Amino acid sequence: LVVADEHQFMFFIGRAKWHEKIRGQRVNLREVEHSFSSQLRGAEIIVQAIGEGAEKKLVAFVAGDPADIDSRIEQIDAIAATLPDYMSPAQVLHLSEIPRLSNGKTNRHALNQLYAQQTGEQALSDLQVEEDEALADFDQVIAQQWSKVLGIRLSEANQDKSFFELGGNSLK
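Quick summary incoming for the structure in this document.

Cut-offs applied
- Residues numbered from 1 in each chain as written.
- Predicted model: local features only at pLDDT ≥ 70, side-chain atom pairs only at ≥ 80, totals over all residues.
- Heavy atoms only, no water.
- Helix = DSSP H or I, 4+ residues; strand = E, 2+ residues; numbered from the N terminus.
- Contact = heavy atoms within 4.5 Å.
- Areas by Shrake-Rupley, 256 points an atom, 1.4 Å probe, with all protein chains shown as cover.
- Core = buried A, V, L, I, M, F, W, Y, C linked by side-chain atoms within 4.5 Å.
- Buried < 20%, exposed > 50% of the residue type's maximum accessible area, 1.4 Å probe, protein only.
- Salt bridge = Lys/Arg side-chain N within 4 Å of Asp/Glu carboxyl O.
- Expected span 1.5 Å × (residues − 1).
- Arc of directions from axis to C-beta.
- Polar contact = N/O pair within 3.5 Å; in protein donor to acceptor, adjacent residues only side chain to side chain.

## Considerations on the overall build of the chain
(1) Moving on: Of the regular secondary structure elements, the chain holds four helices and seven strands.
(2) Moving on: Listing each helix as α and each strand as β along the chain from the N terminus yields β-β-β-β-α-β-β-α-β-α-α.
(3) Moving on: A separation threshold of at least 6 residues defines the contact pool for the chain, and within that pool the share at least 24 residues apart is 47%.
(4) Moving on: Summed over its atoms, the accessible surface of the chain is roughly 11300 Å², and 49% of this surface lies on carbon and sulfur atoms.

Printed below as a string of structure tokens:
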């Protein structure tokens, strides 16, 4: 991003690629990282937006001394409570170290892969839809739609759970 002052001099502010739109709010990932790293001494924090559209959420990757994980969890919860909901990471993953490229930069693609491995999430296209004969025809159609929209297995969408209990919200 570049801005001009009253004399039309251009000033480089930063890169727009660190901005993400999450649930209708523009979030600066560096600002969220700074909120955490200023409080968590000795730990490296990388915040990344994972997912697309209404599914997009913030995930914080924390690397540091594994012995300090319990105290860090309390600190992270306290810091997240001071941030607006849209700026609070939905998940925090603890890593032994942040993956790097050969030039020393953070390997964000590897972070996405680590997230998928640790949480067991798969892309919607990779999900295997399982048949559940116990549901009636109408319930089967509703369950199929919920599984597509929410990115869950068909067997998880049943009559005992509401749309919201299965992870739905007003944006889905």
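## Brief notes about the nonpolar core
Where a protein is soluble and globular, its nonpolar side chains tend to be buried together.
(1) Moving on: Judged by nonpolar contacts, the single largest core of 18 residues is most densely connected at Val-27, Val-32, Phe-36, Leu-40, Ile-45, Val-47 and Leu-58.
(2) Moving on: Mapped by element, the contributors of at least two residues to this core are helix H1 (29-37), strand S5 (44-50), strand S6 (57-63) and helix H2 (69-82).
(3) Moving on: In contact with Val-32, other than residues within four places in its own chain, are Val-27, Val-47, Leu-58, Leu-83 and Met-87.
(4) Moving on: Ile-46, Phe-61, Ile-98 and Leu-111 belong to the second largest nonpolar core, which has ten residues in total.

## Focus on the pattern of salt bridges
Working definition: two side chains of opposite charge can pair if their charged atoms are close together.
(1) Moving on: Counted by the stated rule, this structure contains four salt bridges.
(2) Moving on: Here Glu-20 and Lys-56 are joined by a salt bridge, their closest N and O atoms 2.8 Å apart. With Glu-20 in strand S3 (residues 19-22) and Lys-56 in the loop between S5 and S6, this residue pair connects regions lying 36 residues apart in the sequence.
(3) Moving on: Taking relative accessible area as the criterion, Lys-56 reaches 16% and is therefore assigned buried.
(4) Moving on: Where Glu-33 meets Arg-30, a salt bridge forms, and the shortest distance between an N and an O atom there is 3.2 Å.

## Digging into helix H3 (residues 108-119)
(1) Moving on: End to end, H3 covers 16 Å across twelve residues, agreeing with the expected 16 Å (1.5 Å per residue, within 8%).
(2) Moving on: Here H3 has its buried residues at Arg-108, Ala-110, Leu-111 and Tyr-115. With its buried residues spanning 145° around the axis, H3 presents them on a single face. Looking at H3, the residues exposed on the side facing more than 90 degrees away from the buried face are His-109 and Gln-117.
(3) Moving on: The inward-facing, buried residues of H3 contact H1, S5, S6 and strand S7 (91-95).
(4) Moving on: The N-cap residue of H3 is Asn-107: its side-chain oxygen and the backbone nitrogen of His-109 are 3.3 Å apart.

## Observations concerning unusual backbone geometry
(1) Moving on: The backbone of Gln-8 sits at a positive phi, close to 65°, despite the residue not being glycine.
(2) Moving on: In this structure, Gln-8 sits in the loop between strand S1 (2-4) and strand S2 (10-12).

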